[in-house]
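Now for the letters of each chain:
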Amino acid sequence: MAKRNINTGELAKLVGITPANISILKTGKAKAVRFSTLEKICQVLDCQPGDIMVYEPDPFKSVEE
């Protein structure tokens, strides 16, 4: 967002979700994200999903669960 000089409110408006939901995504508190939302964020920010997301395994969850 900083590279594109866009704030949370502007991104939310362009993506079509609330600023609160953008904030949840930014802080990593989201449990899921729709592919359509991710696609729109990437379109607006001209980026790839890997540019804005990182996989962090849950240290308390086993692979078998």
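Up top is the structure.
Described in the following lines is the structure provided in the data block. These numbers were taken from a predicted model, which means no experiment stands behind them. (Residues numbered from 1 in each chain as written. Predicted model: local features only at pLDDT ≥ 70, side-chain atom pairs only at ≥ 80, totals over all residues. Heavy atoms only, no water.)

1. Looking at the nonpolar core
Within the largest apolar cluster, ten residues are counted, these being Ile6, Leu11, Ala12, Val15, Ile22, Leu38, Ile41, Cys42, Leu45 and Cys47. Listing elements by their share of this core, those giving two or more residues are α1 (8–15) and α3 (35–45). If one sorts the elements of this core by residue count, α3 sits on top with four residues. When sequence neighbours within four positions are dropped, the list of residues in contact with cysteine 42 reads Cys47, Gln48, Pro49 and Ile52. (Core = buried A, V, L, I, M, F, W, Y, C linked by side-chain atoms within 4.5 Å. Buried < 20%, exposed > 50% of the residue type's maximum accessible area, 1.4 Å probe, protein only. Helix = DSSP H or I, 4+ residues; strand = E, 2+ residues; numbered from the N terminus. Contact = heavy atoms within 4.5 Å.)

2. Section: α3
Think of an α-helix as turning once every 3.6 residues; residues three or four places apart then point the same way. Taken together, the buried positions of α3 are occupied by Thr37, Leu38, Ile41, Cys42 and Leu45. One face of α3 carries all of its buried residues, which in axial projection span an arc of 135°. Residues Phe35, Glu39 and Gln43 are exposed on α3 and point more than 90 degrees away from its buried face. Buried residues belonging to α3 abut α1, α2 (19–27) and α4 (49–52). Of the residues one or two after α3, aspartate 46 is the one with positive phi, at around 50°. (Arc of directions from axis to C-beta.)

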